[in-house]
Amino acid sequence: MEEIRAWRHVFKLDPNKPIDDERLERLCESGTDAVIVGGTDGVTLDGVLDLLARIRRFSVPCALEVTDMDALTPGFDAYFIPMVLNSRHVEWVIGRHHEAVKQYGDVMNWDEIFAEGYCILNRECKAAKLTEADTALDDDDVVAYARLAEHLYKLPIFYLEYSGVYGNPALVEKVKRVLSRTQLVYGGGITAPEQAAEMARYADTVVVGNAVYSSFESALATVEAVKRIAGENGMNGVK
Ligand SMILES: CC(C)=CCC/C(C)=C/CC/C(C)=C/CC/C(C)=C/CC/C(C)=C/CC/C(C)=C/CC/C(C)=C/COP(=O)(O)OP(=O)(O)O
Ligand SMILES: O=P(O)(O)OC[C@@H](O)CO
Ligand SMILES: [Mg+2]
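Residues numbered from 1 in each chain as written. Chains lettered and ligands numbered in written order. Predicted model: local features only at pLDDT ≥ 70, side-chain atom pairs only at ≥ 80, totals over all residues. Heavy atoms only, no water.

- Per an unreviewed UniProt entry, the protein is named Heptaprenylglyceryl phosphate synthase, and its organism is Geobacillus uzenensis.
- According to the UniProt record, the Cofactor (unreviewed entry) comment for the protein reads "Mg(2+)".
- As its UniProt record puts it under Catalytic activity (unreviewed entry), the protein is described as follows: "sn-glycerol 1-phosphate + all-trans-heptaprenyl diphosphate = 3-heptaprenyl-sn-glycero-1-phosphate + diphosphate". (UniProt positions renumbered as here; feature names shortened; annotations may be inferred.)

Structure follows, in structure tokens:
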């Protein structure tokens with residue numbers, strides 16, 4: 001699905017958090033490029049199926065970020081597979097993935113599956129705790145992970161993850177400058193359109209998650225903010 005490269009704004013919905021039909025409709029019809037279903041904990045098959053069925057009433061593309069094999073189901077447009085590059089445990093870099101491919105290898109459609117090289121920078125977030133990510137990184141460390149993702153592992157996506165807190169735009173810019181083929185995704189702590197616009201200047205794709213549940217109107221306003229920057233800068237932010 002080459003169009004993933006063109007996604008500038010994405011909402012991430014957590015199957016472990018409730019969203020009513022009216023809000024879901026407004027979110028799906030907001031002009032966002034896609035909805036990703038995913039979370040770190042409490043992700044169940046029932047929760048995923050419920051969101052999938054409700055999002056499918058709209059035409060927005062819908063992807064599953066696979067974090068628990070028990071909650072995997074067909075029916076999504078794409079599947080994103082996180083690999084936490086700065087985890088201290090091989091399990092979260094390749095171990096669980098190996099197990100999954102052992103189980104599903106014969107039926108996998110690789111054209112709809114995309115690896116995401118995660119670099120998690122907020123040590124307080126659930127994903128950092130679960131994977132025991134080494135978040136004590138300086139800018140050079142992060143840039144080196146980005147280069148590894150693009151040149152050594154040839155990953156389609158490098159995901160700068162600050163889940164829950166707003167990150168450092170200067171670092172996002174630095175990372176963008178060393179990536180040309182790998183898509184730079186930024187996610188974390190965006191609660192206002194100004195923040196979304198700031199990150200959209202550098203990241204190829206901006207993800208808004210928790211604000212959907214904590215400040216819905218602001219979250220919706222991030223769509224237009226990102227689209228405005230995308231219009232000014234073309235596909236990839238840094239000129
Ligand atoms: C049957 C069928 C449809 C087959 C299709 C084929 C297919 C897609 C097979 C899967 C193949 C595969 C390789 C699977 C990998 C399985 C797996 C479990 C990998 C590990 C993933 C991983 C590293 C998880 C760790 C946690 C993490 C990085 C989560 C990312 C999302 C994230 C950071 C969310 C933010 O946290 P959140 O929960 O939102 O926190 P708050 O609630 O505080 O906001
Ligand atoms: O929930 P927030 O902090 O917006 O982060 C979005 C996303 O990057 C989480 O995986
Ligand atoms: Mg979340």
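Things to note about the site of ligand 1
- The local shell around ligand 1 holds 31 residues, among which Lys17, Thr40, Lys126, Glu161 and Asn210 are the closest.
- Backbone polar atom of Thr40 to an oxygen atom of ligand 1: 2.6 Å apart, as the coordinates give it.
- Lys126 places a polar side-chain atom, nitrogen or oxygen, 2.9 Å from an oxygen atom of ligand 1.
- Considered on its own, ligand 1 offers 1,100 Å² of accessible surface; in the complex 92% of this is hidden by protein. (Near = heavy atom within 4 Å. Polar contact = N/O pair within 3.5 Å; in protein donor to acceptor, adjacent residues only side chain to side chain. Areas by Shrake-Rupley, 256 points an atom, 1.4 Å probe, with all protein chains shown as cover.)

Observations regarding the site of ligand 2
- Taken together, the neighbourhood of ligand 2 is formed by Lys12, Tyr159, Glu161, Ser163, Gly164, Gly187, Gly188, Gly189, Val207, Gly209 and Asn210.
- The backbone of Gly164 places a nitrogen or oxygen atom 2.7 Å from an oxygen atom of ligand 2.
- The separation between an oxygen atom of ligand 2 and a polar main-chain atom of Gly189 is 2.8 Å.

Some details on the sheet that holds strand 1 (residues 9-13)
- Taken in spatial order, the eight strands close into a barrel running 1-2-3-4-5-6-7-8, and their pairing is parallel. Taken over all neighbouring pairs, the strand axes of this sheet differ in orientation by 30 degrees on average, direction set aside.
- Bridging between strand 5 (residues 113-120) and strand 6 (residues 157-161) involves five bridges; their strand directions are parallel. Residue pairing for strand 6: Glu116 is matched across the bridge by Ile157.
- The sheet contacts of helix 9 (residues 216-233) involve strand 1 and strand 8 (205-208), and relative to strand 1 the element is tilted by about 155 degrees. (Pairing = 2+ DSSP bridges. Helix = DSSP H or I, 4+ residues; strand = E, 2+ residues; numbered from the N terminus. Axes fitted to C-alpha atoms, helices over the stretch in contact; angles between N-to-C directions. Contact = heavy atoms within 4.5 Å.)

A closer look at the environment of Gly75
- Topologically, Gly75 is positioned in the loop between strand 3 (62-65) and strand 4 (78-84).
- In sequence terms Gly75 and Ile19 are 56 residues apart; their C-alpha atoms lie 20 Å from each other.
- What Gly75 contacts, discounting residues up to four positions off in sequence, is Leu52 and Arg56.

Quick look at the UniProt feature "binding site: sn-glycerol 1-phosphate" (unreviewed entry) in the protein
- Sequence positions flagged by UniProt for "binding site: sn-glycerol 1-phosphate" (unreviewed entry) are, in local numbering, Lys12, Tyr159, Leu160, Glu161, Tyr162, Ser163, Gly164, Gly189, Gly209 and Asn210. The annotated residues that sit in the lining of the largest cavity are Tyr159.
- Position of Tyr159 relative to the elements: it lies in strand 6.
- Setting aside its immediate chain neighbours within four residues, Tyr159 contacts Lys12, Glu65, Glu116, Gly117, Tyr118, Cys119, Val185, Gly187 and Val207.
- When its relative accessible area of 9% is taken as the criterion, Tyr162 is described as buried.
- Beyond its immediate chain neighbours, meaning those up to four positions away, Tyr162 contacts Leu121, Asn122, Gly167, Asn168, Leu171, Tyr186, Gly187 and Gly188. (1 Å grid on protein atoms, 1.4 Å probe; cavity = no way out; pocket = protein on both sides within 12 Å on 5 of 7 lines; lining within 4 Å. Buried < 20%, exposed > 50% of the residue type's maximum accessible area, 1.4 Å probe, protein only.)

Concerning the UniProt feature "binding site: Mg(2+)" (unreviewed entry) in the protein
- Within the UniProt annotation, "binding site: Mg(2+)" (unreviewed entry) is assigned to Asp14 and Thr40. Of the residues just listed, which span 27 residues, no C-alpha pair is farther apart than 8.5 Å, and they cluster in one region.
- Looking at the element boundaries, Asp14 is found in the loop between strand 1 and helix 1 (21-28).
- Here Asp14 falls in the buried class, since its relative accessible area comes to 10%.
- When sequence neighbours within four positions are dropped, the list of residues in contact with Asp14 reads Gly38, Gly39, Asp41, Leu51 and Tyr213.
- Mapping Thr40 onto the fold places it in the loop between strand 2 (34-37) and helix 2 (45-55).
- The residues touching Thr40, leaving out its near neighbours within four places in the chain, are Lys126, Ala127 and Leu130.

Focus: helix 1
- When we look at burial in helix 1, the residues that qualify are Leu24, Leu27 and Cys28. The arc that holds every buried residue of helix 1, seen down its axis, measures 95 degrees, which confines them to one face.
- Structurally, helix 1 contributes buried residues whose contacts are with strand 1, strand 2, helix 2, helix 8 (211-214) and helix 9.
- Where helix 1 begins, the capping side chain belongs to Asp20, and its oxygen is found 3.2 Å from the backbone nitrogen of Glu22. (Arc of directions from axis to C-beta.)

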